[in-house]
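Descriptive structure summary
Here are the chains, one letter per residue:
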Amino acid sequence: MELGAIFTTAFLVGFSGAMMPGPLLTVTIGETTRRGFIAGPLLVLGHAVLEILLVTLLVLGLASYLAADWIHAVIALVGGIFLIYLGWTMYRDAVKGKISLQLDKETAGSAGMHPVLAGILISLSNPYWSLWWATVGLAYITTSMALGTAGLAAFLSGHLLADLVWYGAVSAAVDGGRRFMNQSVYRGIIITCGLFLIGLGGYFAYHGFNKFL
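Cut-off values and rules
- Residues numbered from 1 in each chain as written.
- Predicted model: local features only at pLDDT ≥ 70, side-chain atom pairs only at ≥ 80, totals over all residues.
- Heavy atoms only, no water.
- Helix = DSSP H or I, 4+ residues; strand = E, 2+ residues; numbered from the N terminus.
- Buried < 20%, exposed > 50% of the residue type's maximum accessible area, 1.4 Å probe, protein only.
- Phe/Tyr/Trp six-rings, centres within 6.5 Å; stacked < 30°, edge-to-face > 60°.
- Axes fitted to C-alpha atoms, helices over the stretch in contact; angles between N-to-C directions.
- Parallel < 35°, antiparallel > 145°, perpendicular 65-115°, else oblique.
- Left-handed = near helix turned anticlockwise from the far one by under 90°.
- Nonpolar A, V, L, I, M, F, W, Y, C, P; charged D, E, K, R; others polar.
- Core = buried A, V, L, I, M, F, W, Y, C linked by side-chain atoms within 4.5 Å.
- Contact = heavy atoms within 4.5 Å.
- Patch = residues over 30% accessible without salt bridge, like charges linked within 9 Å, V, L, I, M, F, W, Y side chains within 5 Å.
- Areas by Shrake-Rupley, 256 points an atom, 1.4 Å probe, with all protein chains shown as cover.
- Salt bridge = Lys/Arg side-chain N within 4 Å of Asp/Glu carboxyl O.

A few words on the environment of Ser157. For Ser157, the position within the fold is in helix α9 (residues 148–177). Given a relative accessible area of 33%, Ser157 falls into the partly exposed group. Between the C-alpha atoms of Ser157 and Ile52, which are 105 residues apart in sequence, the distance is 9.9 Å.

In C-alpha cells form, the structure reads like this:
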C-alpha cells in the first residue's frame, strides 16, 4: 500500500469512527457551549496526545496487554465511573444555573476541566477505544510500517486529521448556533449531554464489573 493510500484510508476509517456518538462527541458539544469553538480543537489535542503515546506503545508490543479481558474490564469500570461523575457535574451545574450561555472569557476559561486534559481522560474512559487500537488500529500500524516511519506517519496523520475535521465541524456548528439559542435551550442541551454521559458510564461500569464476577 502506498503512502497516499495509507493516509486516505486512515482518514476515512478514522472519520467514520469519529462520527459515531460517544463520550468525546457529547463533551465536545457541552464544552463548546461553555467555551466556544476552541473547545473542539483542544479536546482533539488531548485525544491526539494520548493516541500518539498509545501508537508508540503498540509499536513496542503493548497490544497483547490491551486485548486482555482484565485490562478491558478495569478500563470499563474505572472509565464508567469517571463518565458518571462528569455527566453528573454537567447535569448538576445546568440544573442549578451555575452555567450561563453568556460567559465572558475569564469565566469560560475556568469552567470545568481543561479541554486538553478532558480529551485525554475521556478517551481513556472508553474501553472500546483501547480495544479498537489493540485490533483494528494495530492492523493499520502493521500495514503502514511496511513503508517504515513514513508509512506510520501517514497513517497517524490521516487518523488524527479525521478527528480534527469532525470535532472541529461539530464545534463550529454548535458555536454558530449559540446566537440562535436562549438560556433554557442551552441548559437543556447540557442536561441532555450530562444524562447521556451518566447512562453511558453506567453501561461501561456494569459490563466492566460483570467481567470480574
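There's plenty left to go through after this.
This part is about the packing of aromatic side chains. This structure, assessed with the given rule, holds 6 aromatic pairs. On the numbers, 5.3 Å between centres and 15 degrees between planes, the contact of Tyr140 with Phe155 is stacked. Of the two residues, Tyr140 is situated in helix α8 (residues 127–144) and Phe155 in helix α9; the sequence distance between them amounts to 15 residues. As far as burial versus exposure is concerned, Tyr140 and Phe155 are alike and both buried.

The next thing to look at is the packing of helix α5 (residues 69–95) against helix α10 (residues 183–210). At their nearest, the axes of α5 and α10 sit 7 Å apart, and the two run at 160 degrees to each other. Between α5 and α10, the angle falls in the class roughly antiparallel. The hand of the α5/α10 crossing is left-handed. Of the residues belonging to the contact of α5 with α10, the class tally is 22 nonpolar, 6 polar and 1 charged.

Next up on the list: the nonpolar core. One finds Val27, Leu83, Leu86, Ile122, Trp166, Tyr167 and Leu197 to be the most contacted residues of the largest nonpolar core, which totals 23 residues. At the level of secondary structure, the elements contributing two or more residues to this core comprise α2 (23–35), α3 (39–59), α5, α7 (115–125), α9 and α10. Top contributing element to this core by residue count: α10, with 6 residues. When sequence neighbours within four positions are dropped, the list of residues in contact with Leu86 reads Val27, Ile122 and Leu197.

A cluster of nonpolar side chains, Phe7, Leu161, Leu164 and Val165, forms an exposed patch at the surface whose accessible area comes to about 290 Å². Take the nonpolar patch: its biggest share by element is 3 residues, from α9.

This brings us to the packing of α2 against α3. Where α2 meets α3, the closest approach of the two axes is 8 Å, and the angle between their N-to-C directions is 140 degrees. The orientation of α2 relative to α3 falls into the category oblique. Considering the relative orientation of α2 and α3, their crossing is right-handed. On α3, the residues that touch Leu24, Val27, Thr28, Glu31, Thr32 and Arg35 of α2 are Ala39, Gly40, Leu43 and His47.

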